[in-house]
Structures are given as C-alpha cells and as structure tokens.
Amino acid sequence: MSPVLAGVLQMLALIAALALAYRPLGDYMARVYSSDKHLRVEKWIYKGIGANPDTEMRWHAYLRAVLAFSAVGVLFLYLLQRLQGVLPGSLGFASIDPDQAFNTAASFVTNTNWQSYAGEQAMGHVVQTAGLAVQNFVSAAVGMAVAMALVRGFARSRTGELGNFWADLVRGTVRVLLPVAVVAAVVLVACGALQNFSGIHEVGQFMGGSQQWNGGAVASTEAIKELGTNGGGIFNANSAHPFENPTPFTNLFEIFLILVIPFSLTRTFGVLVGSVKQGYAILATMAVIWIGFVALMMWTEFAHRGPAPEIAGGAMEGKEVRFGVGASSLFAASTTLTSTGAVDSFHSSFTGLGGGITMLGMMLGEIAPGGVGSGLYGILIMAVIAVFIAGLMVGRTPEYLGKKIGTRQIKLAALYILVTPALVLGFTAVSMALPTPPHSILNTAAGSVDHSGAHGFSEILYAYTSGANNNGSAFAGLGADTPWFNTTIGLAMLLGRFLPMVFVLALAGSLAEQKPVPATAGTLRTEKPLFTGLLAGAILIITGLTYFPALALGPLAEGMAA
Amino acid sequence: MTNSLTNTARLLGAGLRALLVLTLVTGVLYPLVVTGVAQGLFHDKANGSEIRSDGKVVGSSRIGQAYDLPLKKGQKTPEPDLKWFQGRPRNGLGGNTANTRYHLLVSGATNRAADNAELVQWVKAAKAAVIKDNSVPGHPVRPSDVPADAVTSSGSGLDPDISRDYADLQVHRVAQKNGLPVSRVRKLVEEHTQGRTLGFIGEPRVNVLKLNIALKELLAKS
C-alpha cells in the first residue's frame with residue numbers, strides 16, 4: 001500500500017469513527033445541558049461552591065461568573081508555578097520566573113496551552129496535574145458553557161436568561177469531559193503511554209552509560225489535553241514524544257479525541273434549537289473545510305517541495321517514522337483547525353505551503369470544527385455574518401433561527417471577528433518593528449544580518465496567530481521565553497479568549513430577549529446546502545481578505561520560492 | 001460602590017471555591033484513579049516499557065538511543081559504531097538547562113525550515129555519511145537508495161524507529177562488520193519489521209533497539 005493511500009484511508013477511518021460518535025454524543029450533551037436534575041456528586045460540588053445551580057443568569061451575570069472563575073484560575077496557576085520550588089512533589093524543580101509564569105497561567109486558562117518552557121525540565125508533578133491539567137478540563141468546560149449560553153439565546157424567547165454558569169461548568173466537566181477522559185487515558189496507557197508519579201528515572205543504555213527520563217501522569221494529561229482541545233504536553237516534543245503518543249493507533253485515536261466534541265456539538269446545537277438539520281448545515285461547513293485542509297496538507301507534504309526535503313527525498317524533518325507523512329498531515333490540519341495546538345510533528349519544518357496551511361487553519365478563527373465550545377460559538381457568529389450578507393443581497397432584514405439580526409446583533413458579531421486579527425497583525429507588526437524581538441527568530445535568511453526572511457517572519461506571525469486564536473502550537477524555533485514574548489503573547493491569549501466571549505454573551509442575551517419571527521417565503525433556508533456554501537464562502541473570503549498580505553510575506557513567499 | 005465591591009468579592013470567592021473543588025476532582029482524584037488502573041493492569045507500560053538485554057535494563061523500547069563509539073580525545077561529536085544498526089539523526093535533542101542536577105534528555109525537533117541553509121547542510125552531510133558508511137565492496141549505495149528518515153531528525157529527537165528501507169540499507173554493512181551472512185541479518189530485519197496497524201494506520205517500521213538486542217543475541221550464539 002502506498003503511503004498516500006494509507007493516509008487517505010486513515011482520514012476515512014477517522015470520518016467513520018466521528019460519524020458513529022456524532023449522534024449519541026451530541027444527543028447526550030444536549031440532555032446534559034438541558035436536564036433539570038443534578039447528580040449527587042454535582043450537588044456536593046454546588047454545596048462546596050456555595051452556588052444555586054437553578055438560578056437563571058442574564059448575560060452580564062453569566063459573563064461576570066465566567067470572568068471571575070477565569071481570573072481566579074490565572075491567579076491560582078500563577079502562584080502555583082511561582083511557589084513550585086517550595087512545594088512538595090515537584091521533583092525538586094525550581095519556581096518559574098514571573099513573566100513565564102504569567103504566560104503559562106494565561107495560556108492554560110484560555111485553553112491555548114502555548115508553552116514557552118520545555119515541559120520535562122520545568123514542571124513537576126504538582127503543577128502539572130493539580131494546576132495545568134485541571135485547566136485542561138475547566139477551560140474546555142468554560143468554552144462549552146459559553147457555547148451553550150449562545151445556543152440558549154437562539155432557542156429561548158422573551159427572556160434574557162441564558163442558564164447558570166456554575167451548572168454548565170460543573171456538568172461539562174463531570175458528565176462530559178471526565179468520563180471520556182478516564183476511558184481515553186486507560187486506552188493510551190494500554191498502548192504504552194506513561195502513567196506514574198515516579199521521580200526522575202534512570203536506566204542503562206545499550207551502548208553503556210545511562211539515560212534519565214521523567215515520570216509523570218502522562219496518559220491522564222494526554223487524554224484531556226486532546227479531548228479538551230488544549231494541547232499542552234508534559235514533554236517538550238508534545239505528542240511527537242513516544243511516551244505521549246506511542247503508536248500509530250494512539251495517534252489516530254488522539255486526533256479522534258481532538259475532533260469528537262467540536263463536531264458533535266453541532267448535533268447538540270441542532271437538538272437544542274429544535275432542528276437537527278440546522279446542526280447538519282453547520283456540520284457540513286465544518287467538514288468541508290476540514291477535509292479540504294487535510295487534502296491540501298497531504299498534497300503539499302507528500303510533494304515535499306523545498307531545498308531540504310528535496311535533497312532528503314521526503315518531508316520527514318520533524319516527523320516520526322511510526323506516523324509518517326500522511327498521519328502527521330492529518331494531525332497538523334486537525335490541531336490547527338481546532339484550538340488544540342498539540343503536535344505529533346513540528347510545523348516549522350513542514351514545507352513552506354504546509355506551514356501556511358497550519359496558520360490559515362488558525363486564522364479562520366478555529367471553527368472547522370474549532371475548539372471545544374469555542375468552535376461552535378465561533379461558527380455561529382460567522383453564520384450571523386453570512387445571513388447578514390445574504391440579507392444585504394436581497395435587501396431584507398436578515399434573520400437566523402427565528403431571530404432578527406438587527407444593528408445590535410451585527411455590531412456584536414463584527415466586533416467578535418475584529419478582535420483576533422487586530423491582536424495578531426498588531427502584535428506581529430510591533431514585534432517586527434522593534435529592535436530586539438526579531439533576535440528570537442531561529443530561521444533567518446542566509447546571509448541576512450537583520451534577521452529577516454520569509455520563515456523568520458512566519459515564526460512571529462505564527463506565534464501571535466496561535467496565541468490570539470488560543471491554539472498553542474508554534475513554529476517552535478522562535479525563542480519565545482523572553483519578557484517581551486511572554487508578556488505580549490500572554491496578553492494576546494487573554495484578550496483573544498475573553499473579549500470574544502463578551503460579544504458572544506451580549507449577543508446571546510439580545511437574542512434571548514427577542515420574540516421569534518415566523519419563517520416566511522422570503523426567509524433564507526439556513527438548513528440547506530446553499531447556506532452551507534454561503535457560510536463556507538463567507539468564512540474563507542473574510543479570512544482571506546484579512547490575512548492575505550501577511551501570509552504573502554511569510555508562508556506563501558517561502559512556498560512559492562520552493 | 002461598596003455593594004458592587006462586595007458582589008465582586010462574593011463572586012471571586014465562588015470562583016475560588018469552584019476551582020478548588022474541581023481541582024480535587026480533576027487534578028487529584030482523576031490522575032490517581034487512572035494511575036491506579038494503569039499500575040494495576042499495565043505496570044510495565046505505565047513505567048516506560050523497559051527492555052532488557054543479558055538480564056540488564058538497556059532502555060525503553062519506545063525511546064530511541066544513539067549507537068556511537070566512545071568519544072576519542074579531541075573529538076566533539078562521537079562516531080557511529082557501525083557494528084550496530086543506526087537510528088535517525090537527532091539534531092533537535094537537547095540537554096536540560098533549567099534543572100541541571102539531572103541529566104535529562106530534553107525532547108525536541110530542529111524546527112529548521114525547509115529552506116534553512118543549516119538544515120540543507122545537515123541533510124547533505126547525513127546523506128554523504130550514510131552512503132559512505134553503508135557502501136561495502138560489491139554493494140555500493142547510490143544517493144537515490146537513501147530514504148528520507150535516514151537523513152532527517154524526528155519530531156521528538158527520540159524516534160525509536162527507522163523505515164524498512166533504512167534498515168535494509170544497513171544490512172550489508174552490519175553483516176560485514178559482524179562477520180555474519182547477509183541473508184541472516186536480512187532475516188533479522190524481516191523479523192523485526194512491524195507493518196501498518198490493521199494494514200493502513202501509520203507506517204511500516206523497525207525498532208532499532210529491539211533489532212540491535214536481537215543482533216547481539218545472534219552474535220553471542222554464533
């Protein structure tokens with residue numbers, strides 16, 4: 001069997017597995033978020049929090065709870081890292097410096113998992129499991145909670161009430177993420193992932209001498225890291241490390257974990273708004289973009305254009321033999337079209353165009369299928385924009401799911417889609433213009449003295465694209481552990497996560513207050529393939545117009561020269 | 001004003017309590033339960049898949065190693081011990097810089113771009129070395145015989161595997177250096193080739209450490 005065919009078959013197997021999970025998981029999540037019963041364990045948790053899970057919240061109350069919970073999360077994680085040196089169970093690792101601790105705290109609370117440290121030499125067991133891995137759960141649950149608030153905004157009428165944040169947070173964690181993560185973690189251990197709380201382990205080597213490796217709760221972290229579209233690895237090499245991702249099967253399984261909740265949430269959405277067909281239209285948009293990106297990635301990586309891969313006879317730099325080019329392409333496209341950022345191969349060494357595809361995937365706003373929760377609300381914002389554009393074409397007030405898209409709604413949607421491009425392009429421009437930040441670039445053009453060059457520019461563009469979109473992957477040659485990058489990428493992550501949430505919840509509140517408009521002959525049928533096409537077109541055109549100049553300077557210039 | 005301050009304080013308090021309770025569930029109970037199951041059911045795997053040769057632990061079957069000669073005086077980079085099968089280049093691998101009481105291998109890739117001049121040099125040098133090392137009298141290696149994984153560094157720097165092509169390429173050299181018949185060494189490679197899972201997942205591969213352990217056993221017998 002040719003590697004290309006094997007790659008395509010792996011993609012098809014993945015589609016089949018996701019299709020099997022789609023209805024049961026989507027329906028289950030719909031029940032979880034609309035049930036009025038509480039599990040016993042949940043009642044204990046609510047008692048611990050001191051919150052009544054049945055209190056309905058209007059949008060600003062919901063937002064305040066999201067922000068309060070996240071602010072406490074950042075502070076707690078920051079202190080945990082700053083105190084690592086004196087905490088027990090830290091393998092004797094030192095405390096993390098303030099700028100890096102801020103960056104890492106912002107990173108894990110925002111579901112980004114950008115890492116300016118090398119995991120195996122920086123984070124001990126306590127920070128890793130009781131700090132970072134906890135945010136892998138709860139940041140994902142926050143994303144789902146906000147998505148559910150928006151869905152309720154569409155589903156409810158003549159009320160401003162969007163549900164209860166604490167109930168959504170706890171249910172997402174306890175009923176959705178936790179059970180799947182337990183099963184997934186055991187599967188990963190059974191295939192060879194590490195899972196222990198040992199210290200540094202020393203073993204002999206074949207040629208004599210010895211080697212040391214870290215113990216750690218690797219499998220349990222790996223499971224939720226993929227399932228919650230987080231991406232922060234215990235080891236520096238992330239999911240390329242054999243202890244995180246030991247076999248070709250675990251690789252495909254991890255991609256499945258990355259994609260399963262974001263895709264299935266479109267079913268949840270359909271069920272909750274009372275029309276599963278509306279969910280299928282959104283799913284179809286996500287799926288078309290995802291398949292297109294995977295196909296493009298396989299094409300450019302198998303074609304291996306560029307000086308080094310052409311001499312080597314294949315694009316294997318930064319890729320593992322057990323995965324090969326096909327499965328690595330599949331992982332790379334999936335991790336950047338979601339907010340995951342875990343990697344099983346290193347994007348910086350992909351072909352010029354392949355690196356560009358990873359960036360473009362993030363620049364779409366991570367909506368195909370996107371992060372856990374954030375993918376759904378991201379694409380619903382684009383759906384609002386798409387019906388607005390369609391409304392302009394025919395000259396009537398647009399509506400979506402029985403709600404009028406008026407001035408306030410379109411203003412909020414427009415603000416949402418402006419946030420990340422402003423952060424990405426602004427910070428990239430400033431970093432390139434300042435004298436010192438470009439010194440962090442690894443791949444400078446041959447003979448250049450000013451650190452210029454297409455790939456060098458791409459390293460910085462990638463960093464802010466990844467940060468502001470809460471992805472977390474990197475063109476990892478960039479020496480990002482500097483006060484400048486730790487601080488500005490930290491800010492980009494926080495603003496790129498929480499500003500859009502403000503607009504999403506405000507939009508949800510304004511929609512929930514409306515009374516429904518009955519569908520007429522003039523209503524755009526948003527459950528039809530025509531709308532899927534319109535939505536995909538709107539996403540690609542808006543992203544293209546925003547980012548084309550930046551992409552032309554970086555990956556396109558590199559790819560075209562090859 | 002005081003009212004909104006108290007409200008904020010109350011909200012932050014609820015947030016902190018929620019975080020602590022959920023930390024207990026997802027940050028303490030969850031990893032402990034998974035560790036318990038893992039240590040009970042998959043003890044060897046959960047602790048690093050250690051592998052033995054002559055009764056001694058010689059590493060993990062999942063972690064790639066170097067098969068080099070000891071450093072000679074004045075040498076900076078060790079030479080490969082051509083008696084043994086060689087793994088992939090590992091230019092991205094680092095040592096620990098933060099907690100230097102340990103001698104950890106810090107996993108990682110080179111992150112060099114496809115048009116990076118240094119990477120081009122590395123690949124060219126690796127290719128020349130592979131051709132030189134593996135060409136034996138009567139069996140010259142041509143540049144087009146060298147597979148990509150033989151001249152590139154992996155993502156982790158710890159890739160335990162090489163492609164079947166790279167293993168085959170080394171057969172003549174290993175046979176000659178050890179005074180073994182080529183057919184015997186080739187058979188060894190065949191026995192240690194793992195195909196794609198279910199016929200289509202991942203890529204066929206040869207685990208270098210397992211192969212070298214088997215080679216050592218073969219040498220001890222003959």
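Every chain is numbered on its own, with residues counted from 1 as its sequence reads. Think of it this way: whatever chain is written first is A, whatever ligand is written first is 1, and the rest follow in order. Note on the predicted model: pLDDT of at least 70 is required for a residue's local features to be given, and 80 or more for side-chain atom pairs to be given and counted; whole-chain, interface and lining totals, by contrast, use all residues. Note that water and hydrogens are dropped before the side-chain values are worked out from all heavy atoms of the structure.

J.: Explanation requested: the interface of chain B and chain A in the structure shown.
T.: Often, the extent of an interface is quoted as the loss of accessible area on bringing the components together. In what follows, residue pairs with any heavy atoms lying within 4.5 Å of each other are defined as contacts. Taken residue by residue, the interface counts 99 residues in chain B and 106 residues in chain A. For any pair of parts, buried area is found by adding up, for both, the accessible area (1.4 Å probe) each one loses once the two are put together. With both chains or domains summed, chain B and chain A bury close to 8100 Å², and 66% of this area falls on carbon and sulfur atoms. Salt bridges, as used here, are contacts in which a Lys or Arg side-chain nitrogen is within 4 Å of a carboxyl oxygen on Asp or Glu. The interface formed by chain B and chain A contains zero salt bridges. Taken together, the elements giving at least two residues each to the side of chain B that touches chain A come down to helix 1 (2–41), helix 2 (43–46), strand 2 (56–60), strand 4 (105–106), helix 3 (117–134), strand 5 (161–162) and helix 6 (208–221) of chain B. Helix and strand assignments follow DSSP, with helices taken as H or I runs no shorter than four residues and strands as E runs no shorter than two, numbered in order from the N terminus. Looking at the side of chain B that touches chain A element by element, the count peaks at 23 residues for helix 1 of chain B. Throughout, the ten residues Ala, Val, Leu, Ile, Met, Phe, Trp, Tyr, Cys and Pro are labelled nonpolar, Asp, Glu, Lys and Arg are labelled charged, and all others, Gly among them, are labelled polar. Tallied by class, the residues present in the side of chain B that touches chain A amount to 48 nonpolar, 32 polar and 19 charged.

J.: Explain the domain arrangement of chain B to me, please; I cannot follow it from the model alone.
T.: How far each domain reaches was decided by an automatic or database domain assignment. Domains assigned within chain B are domain 1 (1–47) and domain 2 (50–221). Placing a centre on the C-alpha atoms of domain 1 of chain B and another on those of domain 2 of chain B gives a separation of 43 Å.

J.: Help me understand the pairing of strand 2 of chain B, please; the structure alone is not making it clear to me.
T.: Consecutive residues of a regular strand have side chains that alternate between opposite faces of the sheet. Residue and element names in this part refer to chain B. Pairing between strands is defined by DSSP: at least two bridges between them are needed. As paired elements, strand 1 (residues 50–53) and strand 2 share three bridges and run antiparallel to each other. Its bridge partner lying in strand 2, S53 is registered against K56. What sits between strand 1 and strand 2 in their antiparallel hairpin is a turn of two residues, with D54 showing a positive phi close to 55 degrees.

J.: Sorry, what's going on with the nonpolar core here?
T.: Generally speaking, soluble globular proteins have nonpolar side chains that are buried together. Residues and elements named next belong to chain A. By size, the foremost hydrophobic cluster in this structure holds 171 residues, and its most contacted members are F69, F165, W166, I261 and Y400. A per-element tally of this core places helix 6 (residues 125–155) first, with 17 residues. In this view, F165 contacts M57, Y62, A65, V66, F69, V142 and A145; residues no more than four positions away in its chain are not counted. What makes a nonpolar core is a set of buried Ala, Val, Leu, Ile, Met, Phe, Trp, Tyr and Cys residues whose side-chain atoms join them at distances within 4.5 Å. Per-residue accessibility, obtained with a 1.4 Å probe over protein chains only, is compared with the maximum for each type, and a residue is labelled buried under 20%, exposed over 50%, and partly exposed between these values.

J.: How should the sheet that holds strand 6 (residues 193–194) of chain B be read in this particular structure?
T.: As a general point, the strands of a sheet are linked pairwise by backbone hydrogen bonds and lie either parallel or antiparallel. Residues and elements named next belong to chain B. Read from one edge of the open sheet, three strands run 5-7-6, paired in antiparallel fashion. Looking at strand neighbours, the two that pair on one side only are strand 5 and strand 6, the edges of this open sheet. For strand 6 and strand 7 (residues 205–207), the ladder comprises two bridges, and the chain directions are antiparallel. Looking at the pairing, T193 lines up with V206 of strand 7. Think of each axis as a best-fit line through the C-alpha atoms, taken over the contacting stretch in the case of a helix, with angles from 0 to 180 degrees between the N-to-C directions. Relative to the sheet, helix 6 contacts strand 5 and strand 7, its axis offset from that of strand 7 by approximately 55 degrees.

J.: Explanation requested: the layout of surface pockets in the structure shown.
T.: Rolled over the atoms, a probe sized like a water molecule indicates the empty space that remains. Of the two site types, the cavity is a set of points on a 1 Å grid over the protein atoms alone where a 1.4 Å probe fits but cannot get out, and the pocket is an open set with protein on both sides within 12 Å along at least five of seven lines, each lined by residues with an atom within 4 Å of a point. Grid points are joined across faces, edges and corners, and a volume is the space filled by probe spheres set on the points. Quantified by volume, the largest pocket comes out at close to 1000 Å³. Forming the boundary of the largest pocket are 47 residues, of which Q115, S116, Y117, A118 and N236 of chain A lie nearest the centre. Going through the elements one at a time, helix 5 (119–122) of chain A together with strand 3 (94–95) of chain B are the ones with two or more residues in the lining of the largest pocket. Residue classes in the lining of the largest pocket are distributed as 18 nonpolar, 26 polar and three charged. By volume, the second largest pocket amounts to about 780 Å³. Counting residues per element, the ones that place at least two in the lining of the second largest pocket are helix 3 and helix 4 (164–178) of chain B. For the lining of the second largest pocket, the leading source of residues is helix 3 of chain B, giving seven residues.

J.: I'm lost on helix 16 (residues 454–468) of chain A in this one. Help?
T.: Structural remark: α-helix, 3.6 residues per turn; residues separated by three or four positions point the same way. All names here are of chain A. An ideal rise of 1.5 Å per residue puts 21 Å on 15 residues; helix 16 measures up with 21 Å between its terminal C-alpha atoms. Of all 15 residues in helix 16, 14 are buried, a share of seventy percent or more. N470 sits one or two residues past helix 16 and shows a positive phi near 60 degrees. Given a helix with a known number of residues, its expected span is that number minus one, times 1.5 Å.

J.: Explanation requested: the packing of helix 5 (residues 182–191) of chain B against helix 6 of chain B in the structure shown.
T.: Helix-helix packing: each pair is described by the crossing angle between the helix axes and the interaxial distance. All names here are of chain B. Their axes nearest at 10 Å, the elements helix 5 and helix 6 cross at an angle of 140 degrees. As for how helix 5 packs across helix 6, the hand of that crossing is right-handed. Residue-level inspection shows R184, L188 and V189 of helix 5 in contact with helix 6, the latter providing L211, A214, L215 and L218. Split into classes, the residues belonging to the contact of helix 5 with helix 6 amount to six nonpolar, no polar and one charged. Helix crossings are classified by the rotation of the near helix relative to the far one: an anticlockwise turn of less than a right angle makes the crossing left-handed, while a clockwise turn makes it right-handed.

J.: Before we go on, may I ask you to explain the packing of helix 6 of chain A against helix 1 of chain B in this structure?
T.: Where helix 6 of chain A meets helix 1 of chain B, the closest approach of the two axes is 9 Å, and the angle between their N-to-C directions is 105 degrees. Overall, the two elements helix 6 of chain A and helix 1 of chain B adopt an arrangement that is roughly perpendicular. Counting all contacts with helix 6 of chain A, which are made through T129, A130, V134, Q135, F137 and V138 of chain A, the residues of helix 1 of chain B involved are L19, L22, T23, T26, G27, Y30 and P31 of chain B. Tallied by class, the residues present in the contact of helix 6 of chain A with helix 1 of chain B amount to eight nonpolar, five polar and no charged. Note on terminology: angles under 35 degrees are roughly parallel, angles over 145 are roughly antiparallel, angles of 65 to 115 are roughly perpendicular, and the others are oblique.

J.: How do you make sense of the pattern of salt bridges when you look at a structure like this?
T.: If charged atoms from side chains of opposite charge come close, those side chains can pair. For the structure on display, the rule yields 23 salt bridges over all chains. We note a salt bridge from K216 of chain B to D54 of chain B, for which the minimum N-O separation is 4.0 Å. In this pair, K216 of chain B sits in helix 6 while D54 of chain B sits in the loop between strand 1 and strand 2, placing the two residues 162 residues apart along the sequence. Owing to a relative accessible area of 28%, K216 of chain B belongs among the partly exposed residues under this scheme. Of the charged contacts, one joins E118 of chain B and R112 of chain B as a salt bridge, the two residues approaching to 2.9 Å between their closest N and O atoms. Here E118 of chain B falls in the partly exposed class, since its relative accessible area comes to 39%. Judged by its relative accessible area of 12%, R112 of chain B falls in the buried class. Within the structure, one salt-bridge network assembled from shared partners comprises E222, K225, E226 and E244 of chain A.

J.: Sorry if this is basic, but what is going on with the confidence of the model for chain B here?
T.: As a note on interpretation, predicted positions should not be read in detail where pLDDT is low. Mean pLDDT over chain B works out to 95, with 100% of the residues at or above the 70 mark. For this predicted complex, the interface score ipTM comes out at 0.96, while the overall pTM is 0.97. Confidence scores per residue from the predictor, reported as pLDDT, run from 0 to 100.

J.: What is the right way to read unusual backbone geometry from this model?
T.: Working note: non-glycine residues mostly have negative phi, and peptide bonds are mostly trans. At the junction of A368 of chain A and P369 of chain A, the peptide bond is cis and its omega measures out at 5 degrees in the coordinates. Unlike most non-glycine residues, N470 of chain A shows phi in positive territory, near 60 degrees. With respect to the helices, strands and loops of the structure, N470 of chain A is situated in the loop between helix 16 and helix 17 (483–513). Despite not being glycine, S49 of chain B shows a phi value in the positive range, around 50 degrees.

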